[in-house]
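As a plain string of letters, each chain reads:
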There are 2 protein chains.
Amino acid sequence: MKLFVVGIGPGKIEYMSNYAIDVLKKVDYIVGYTKYIDRIKKYFNEKNFIHTGMRKEVERVKHAVGKVNEGYNVAIVSSGDSGVYGMASLAISLCENVEIVPGITAANSAAALLGAPLTLDFAVISMSDILVEWEKIVMRATYFAKSGVTTVIYNPISKIRKHQLKKVFEIFKKERNEFYIGIVKNAFLPNQRSYYIKSTSNIDWINDIDMMSIVFFCDENTIEKNNKIYVPRGYKQ
Amino acid sequence: MKLFVVGIGPGKIEYMSNYAIDVLKKVDYIVGYTKYIDRIKKYFNEKNFIHTGMRKEVERVKHAVGKVNEGYNVAIVSSGDSGVYGMASLAISLCENVEIVPGITAANSAAALLGAPLTLDFAVISMSDILVEWEKIVMRATYFAKSGVTTVIYNPISKIRKHQLKKVFEIFKKERNEFYIGIVKNAFLPNQRSYYIKSTSNIDWINDIDMMSIVFFCDENTIEKNNKIYVPRGYKQ
């Protein structure tokens, strides 16, 4: 029996791959964080769902592996791509027979709403210092800022973490000239909102960031046109 | 009328989103690089296809915009995500009414075949110095190597570019201790192949890299288990 780790993309069935949908239709159990299960439940009526709350990741994967060992096919769902800050890593560590089913990661879905801020090289960093030391996050943010690439910030803020984003923004301000900041909330979900501002604005934008936001500190070459921002690819037109 | 820029993921219809499929069914024209059009043609029989060869990107997008201006809905397809080294940027620069339809980018689909090398922060870099100066690529590779993150290498080699990958590998060797190298060829397509080796191996692996390969220089914390490599997320188990 097999454990599938399925990326469900931004969470609307329209943005899931057909293969991911087929897998979820075929397995005996679908396991996931309560909020993600709520998003997809209506599309897979006949299934057995197992859901747990935040911070119950290890418990959730162990539960799924238990069901595999009992002889069932099981899928664990992750929002975005299951391999990016997702459950794939834990699943591989706890189960011999795992298939990773990729999905559209938040960096790509959020970028699509802003324009094309990821045209060229880019980097992805999480502000969460629960599982990673803060010093390492600062070190990485500094190198990404120096590299000049558009940097996508996952988990920018949470109820218990408030100051990390502002500190990393200050690092980027120090290393770069003016740059665009892109903000996307609830990408492809109800209450979706996306906009961009310049780093020269006052920093009130930080107060608007919540747990459902993805933030982009853009490449200095980013251009604004037709209500979108994009990094030019460099073609001679 | 509207120009859609559609990411088709690895190229098999099973890994496209349902929304991307709906868009391609609905538009009047589908425009793209000949090789990508060949992959999807059979699924959209009734459509008018416009395809051009390599390096004809600007011509292709102008052709598509011309059709929009004539009153048609048009889709341009890109493999992977249309915003990552894709056509989204050029489309926004040339057309007022553009919708970007995200897809599963090669970094995520290739990673799924190796395990979970992108669990935590990561960076993406292209070896192509046709549109980006080589000095900038070296600078970025050096910062990414120092940052410690798994770095995904797009366009590692081409018929006219052979030496860049070896030079960037040497940069990583200098900045890091031993690390895993993941190699994925033809992800989710015929002749798919994926494997990983350690950076201490002799460098014959470089001779196996072709234009359809994606290369991962992994985070030093990467672990091998159950025939997969993954970056542990740090949970207490």
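Keep in mind the model is a prediction, meaning the values are calculated, not measured. (Residues numbered from 1 in each chain as written. Chains lettered and ligands numbered in written order. Predicted model: local features only at pLDDT ≥ 70, side-chain atom pairs only at ≥ 80, totals over all residues. Heavy atoms only, no water.)

A word on the relation of the copies chain B and chain A
In plain terms, the rule: Least squares is the method for superposing the copies, and the C-alpha atoms it fits come from residues with pLDDT of at least 70 in both. Contact between two residues is taken to exist if any of their heavy atoms lie within 4.5 Å; hydrogens are not considered.
If you rotate chain B by 180° and push it 0.0 Å along the axis, it lands on chain A with an RMSD of 0.0 Å. Such a combination of rotation and displacement between the chain copies is what one expects of a two-fold axis. Both copies share a contact surface, since 100% of the interface residues of chain B are interface residues in chain A too.

Focus on the packing of aromatic side chains
For any pair of aromatic rings, geometry is given as the distance between the ring centres together with the angle between the planes. For clarity, the cut-off: Pairing of aromatic rings covers Phe, Tyr and Trp, the last counted by its six-membered ring, and requires centre-to-centre distances within 6.5 Å; plane angles under 30 degrees mean stacked, over 60 mean edge-to-face, and any other angle means tilted. Accessibility here uses a 1.4 Å probe with only protein chains present; expressed as a share of the type maximum, an area under 20% marks a residue as buried, one over 50% as exposed, and anything in between as partly exposed.
What the rule picks out here adds up to 28 aromatic pairs over all chains. A centroid spacing of 5.1 Å and a plane angle of 90° characterise the contact between B:Y33 and B:Y36, whose relative ring orientation is edge-to-face. Taken individually, B:Y33 and B:Y36 each receive the classification buried, so the pair is uniform in this respect. Members of the aromatic cluster, joined through ring pairs, are A:F169, A:F172, A:F179, A:W205 and A:F217.

Examining the pairing of strand β11 (residues 213–217) of chain B
Residues and elements named next belong to chain B. For the record, the criterion: A run of H or I in DSSP counts as a helix once it spans at least four residues, and a run of E counts as a strand once it spans at least two, with each numbered from the N terminus. A strand pair is defined by DSSP finding two or more bridges across the two strands.
Burial runs high along β11: five of the five residues are buried. Here β11 shows a buried face lined by S213, V215 and F217 and a second buried face lined by I214 and F216. As defined by bridge partners, strand β8 (residues 150–154) adjoins β11 across three bridges and the pair is classed as antiparallel. Bridge assignment links I153 to a residue of β11, and that residue is V215. In the sheet, strand β9 (residues 180–185) pairs with β11 via five bridges, with the strands oriented antiparallel. When the sheet's bridge partners are listed, I183 is paired in β11 with V215.

A word on the pattern of salt bridges
Heads up, the rule is: A pair is scored as a salt bridge if a Lys or Arg side-chain nitrogen falls within 4 Å of a carboxyl oxygen belonging to Asp or Glu.
The final tally for this structure, using the stated rule, is 20 salt bridges over all chains. Where B:K146 meets B:E175, a salt bridge forms, and the shortest distance between an N and an O atom there is 3.4 Å. Of the two residues, B:K146 is situated in helix α6 (residues 134–147) and B:E175 in helix α7 (residues 164–175); the sequence distance between them amounts to 29 residues. In this structure B:K146 comes out as partly exposed when scored by relative accessible area, which is 34%. One salt-bridge network, held together by shared partners, links A:K185, A:R193, A:D208 and A:D210.

Some thoughts on helix α3 (residues 57–69) of chain B
Residues and elements named next belong to chain B. The criterion, for reference: Here the expected span of a helix is defined as 1.5 Å times the quantity of residues minus one.
Over its 13 residues, α3 extends 18 Å from the first C-alpha to the last, a length consistent with the 18 Å expected when each residue adds 1.5 Å. For α3, the full list of buried residues reads E57, V58, R60, V61, A64, V65, K67 and V68. Buried positions along α3 lie against β1 (3–7), β2 (29–33), β3 (48–52), β4 (74–78) and α4 (88–94). Downstream of α3 by one or two residues, G71 has phi in the positive range, about 110°.

What about the sheet that holds strand β13 (residues 228–230) of chain B?
Residue and element names in this part refer to chain B. The strand order β6-β13-β12 describes an open sheet built from three strands, whose pairing is mixed. In this open sheet, the two strands that pair with only one neighbour each are β6 (115–116) and β12 (223–225). Here β12 pairs with β13 via three bridges, running antiparallel. Considered in β13, the bridge of K225 is made with K228.

Description of the packing of helix α6 (residues 134–147) of chain A against helix α7 (residues 164–175) of chain A
Residues and elements named next belong to chain A. For clarity, the threshold we go by: Fitting a line to C-alpha atoms yields each axis, with helices limited to the stretch in contact; the angle taken between N-to-C directions then spans 0 to 180 degrees. Roughly parallel covers angles under 35 degrees, roughly antiparallel covers those over 145, roughly perpendicular covers 65 to 115, and oblique covers all other angles. Working rule for handedness: look at the near helix, and if it is turned counterclockwise from the far one by less than a right angle, call the crossing left-handed; if clockwise, right-handed. The residue classification treats Ala, Val, Leu, Ile, Met, Phe, Trp, Tyr, Cys and Pro as nonpolar and Asp, Glu, Lys and Arg as charged. All others, Gly included, are polar.
The N-to-C vectors of α6 and α7 enclose an angle of 30°; their axes lie 9 Å apart at closest approach. Here α7 runs roughly parallel to α6, going by the angle between their axes. Note on packing geometry: the crossing formed by α6 with α7 is right-handed. Counted together, W134, V138, A141, T142, F144, A145 and K146 of α6 and Q164, K167, V168, I171, F172 and E175 of α7 form the full contact between these two elements. In the contact of α6 with α7, the residues fall into eight nonpolar, two polar and three charged.

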